[in-house]
Amino acid sequence: MPGAWLVGRTPGTPAPDEALTAVALAVDTGEHDVDDALHELHRLAETDGVEITADVRQTRDHPDPATYVGRGKVAEVADALQRTGARLVIADDELTPAQVRSLEGELGVRVVDRTALVLDIFAQHARSSEGRTQVELAQIAYQLPRLRGGSRNLSRVGGGRVAAGQGIGVRGPGETRLESERRRLRRRASDLRRQAAAIADRRQRTRDRRARNAVPSAALTGYTDVGKSALLNRLAAADVEVRAELFATLDPTVRRIVVDDVAFTLTDTVGFVRNLPHQLVDAFRSTLEEVVQADLAVHVVDAAAPDALDRVSTVRGVLREIGAADVPELLVLNKVDVAPPDWVTALQRLYPQALTVSALTGEGVPDLRSALAQRLRRSR
């Protein structure tokens, strides 16, 4: 079900009995395929327990600074809300606080953006203390610029998390409460950063110990839901939980593997999506360091995804952002058991060094194990 942070419930209060439905909103600027973007937004919403009942799209050179889609299109969104009975609007981009205030004021429902949706999914999937610390840091980084006053709750959050605020600039006691909430969040962020620094130190000591023992390392990386955890299970005879949903794995899992007398570690890391919120990249930087400091990045690609090429570009972009662009890459085309053969052939043409595997059936896994041992033997 949707997290309390997304739908505005007070933590600890029960969720509504009925399913939460939403209208998806996207601006087609020509920079990417809007159909693929909306399909991914549907999957993100489904992962978070929200059903999208209608799509509204607008073709513009750039999003409208006031309402994201323009005044005329807002009326179409209102019609879709009335027709479907949806109580939520989800935009496919990160909205500014002003855009959220305008849309909520005209539509009368809660408006959230893609960043808020992804953060909510991460919040629900974080299991370890490390994961919860990182997610809460990302949430606070998102919240702080969006705090605004309101007649009933002056510490409510705009820009994707709370409906019907009164805007920044409230006078008198309300403004005092708003500043008090900002101070509270900043203090909490400082505490979390200290915890995150301690976690990063522990993780670095573990990596240093592996380096001293001359144990080469490989890190599984790639788009979310490409089968990295399933592949880890195949390669390492591990028992990592595999779920058919986005961002099922947030905490890195490390397994030791021996192939042809070559011992190495293989780490399963968090997956990426298009426009991964920068707050998450910053908060999960210590976790993503597993890729930065690896001897080999095993870039897993879903060969059955129609937008596989865009996903490869997205992942490589994030790797550049975190400083892992120089880490040697081994491209692995997964899910060849369900991918159309001509798609696989086309990908092999574009990436002739890529290996084809199926984590589900085991096809190609022995060749992948041998390739890992060969590449990592050279790194010692």
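Anything mentioned here points back to the structure above.
The residue count restarts for each chain, going from 1 along the sequence in the order it is written. pLDDT decides what is reported in this predicted model: residues at 70 or higher carry local features, side-chain atom pairs at 80 or more are listed and counted, and totals for whole chains, interfaces and linings draw on all residues regardless. Water and hydrogen atoms were dropped before computing side-chain values, which therefore reflect all heavy atoms in the structure.

Caption draft 1: Structural detail: the sheet that holds strand E10 (residues 355-356). The pairing criterion for strands is at least two bridges between them, as found by DSSP. Here a helix means four or more residues in a row that DSSP labels H or I, a strand means two or more in a row labelled E, and each is numbered from the N terminus. Overall, mixed pairing links the 6 strands, which are arranged E6-E7-E5-E8-E9-E10 in an open sheet. Looking at the sheet topology across the chains shown, the edges are occupied by strand E6 (253-259) and E10. In this sheet, strand E9 (residues 329-334) lies alongside strand E8 (residues 296-302) in parallel orientation, the contact comprising 6 bridges. By the bridge assignment for E9, Val 301 is matched with Leu 333.

Caption draft 2: The environment of Val 315, seen in detail. Within the element layout of this structure, Val 315 appears in helix H11 (residues 308-321). For Val 315 and Thr 221, which are 94 residues apart along the polypeptide, the C-alpha to C-alpha distance reads 8.0 Å. The contact criterion used throughout is that any non-hydrogen atoms of two residues lie within 4.5 Å. Every residue in contact with Val 315, bar those within four places of it in the chain, is listed here: Thr 221, Gly 222, Tyr 223, Phe 272 and His 299.

Caption draft 3: Examining the sheet that holds strand E3 (residues 88-91) more closely. The strand order across the open sheet formed by 4 strands is E2-E1-E3-E4, and the pairing between neighbours is parallel. Each having just a single partner strand, strand E2 (50-59) and strand E4 (110-113) make up the two edges of the open sheet. Averaged over all adjacent pairs, the angle separating strand axes in this sheet is 25 degrees, with direction ignored. Both E3 and E4 contribute to a ladder of 4 bridges, which runs parallel. Opposite Ile 90, over in E4, you have Val 112 as the bridge partner. Geometry is summarised by axes, namely lines fitted to C-alpha atoms with helices restricted to the contacting stretch, and by angles between N-to-C directions that run from 0 to 180 degrees. Across the sheet, helix H3 (residues 71-84) is in contact with strand E1 (20-28), E2 and E3; its angle to E2 comes to roughly 160 degrees.

Caption draft 4: View of the pattern of salt bridges. Any carboxyl oxygen of Asp or Glu that lies within 4 Å of a side-chain nitrogen of Lys or Arg is treated as forming a salt bridge with it. Overall, the coordinates contain 16 salt bridges when judged by the stated rule. The residue Glu 136 makes a salt bridge to Arg 188 at a minimum N-O spacing of 2.8 Å. Separated by 52 residues along the polypeptide, Glu 136 in helix H6 (residues 129-143) and Arg 188 in helix H7 (residues 173-212) bring together distant segments of the chain. Here's how the labels work: a residue is buried when its accessible area is under 20% of the maximum for its type, exposed when over 50%, partly exposed in between, all with a 1.4 Å probe on protein chains only. Using a relative accessible area of 25% as the deciding quantity, one classes Glu 136 as partly exposed. Here Arg 194 ties to Asp 191 by a salt bridge, and the two come within 2.3 Å at their closest N and O atoms. With a gap of 3 residues between them, Arg 194 and Asp 191 both fall in helix H7, about one helical turn apart. A relative accessible area of 54% means that Arg 194 is categorised as exposed. Within the structure, one salt-bridge network assembled from shared partners comprises Glu 40, Asp 92, Arg 114 and Arg 274.

Caption draft 5: Main features of a positive patch on the surface. A contiguous patch of positive charge on the surface is contributed by Arg 202, Arg 205, Arg 209 and Arg 212. Relative to the helices and strands, Arg 209 is located in helix H7. Two distance rules govern patches: like charges are joined within 9 Å, and nonpolar side chains (Val, Leu, Ile, Met, Phe, Trp, Tyr) within 5 Å, applied only to residues with over 30% relative accessible area and no salt bridge. Where accessible areas are quoted, they stem from the Shrake-Rupley method and a 1.4 Å probe; at the residue level, only the protein chains shown are allowed to cover. His residues and chain termini do not enter the charge count, which takes Lys and Arg as positive and Asp and Glu as negative. Lysine's charge is taken at NZ, arginine's at CZ, aspartate's at CG and glutamate's at CD.

Caption draft 6: Structural detail: unusual backbone geometry. Backbone geometry places Tyr 68, a non-glycine residue, at a positive phi of 75 degrees. Position of Tyr 68 relative to the elements: it lies in the loop between E2 and H3.

Caption draft 7: Fine view of the environment of Leu 276. When you line up the elements, Leu 276 lands in the loop between strand E7 (262-268) and helix H9 (278-283). Taking the C-alpha atoms as reference points, Leu 276 and Val 315, 39 residues apart in sequence, are found 9.8 Å from one another.

Caption draft 8: Spatial organisation of the nonpolar core. Remark: nonpolar core denotes a set of buried residues (Ala, Val, Leu, Ile, Met, Phe, Trp, Tyr, Cys) joined through side-chain atoms within 4.5 Å. Ile 90, Leu 231, Leu 235, Leu 280, Val 298, Leu 368 and Leu 372 are the most contacted members of the largest nonpolar core, which totals 77 residues. For Leu 231, the contacting residues outside a window of four places in its chain are Leu 220, Val 300, Val 332, Val 357, Ala 359, Val 365 and Leu 368. Listed in part, the 20 residues of the second largest apolar core include Val 69, Val 77, Ala 80 and Val 100.

Caption draft 9: Representation of the pairing of E2. In the sheet, E1 pairs with E2 via 9 bridges, with the strands oriented parallel. Paired with Ala 22 across the strands is Ile 52, a residue of E2. For crossovers, right-handed means that the path from the first strand over the helix to the second runs clockwise, given strands pointing away from the viewer. Crossover handedness for the path E1 to helix H2 (residues 34-47) to E2: right-handed.

On their own, these measurements won't tell you what the molecule is for.
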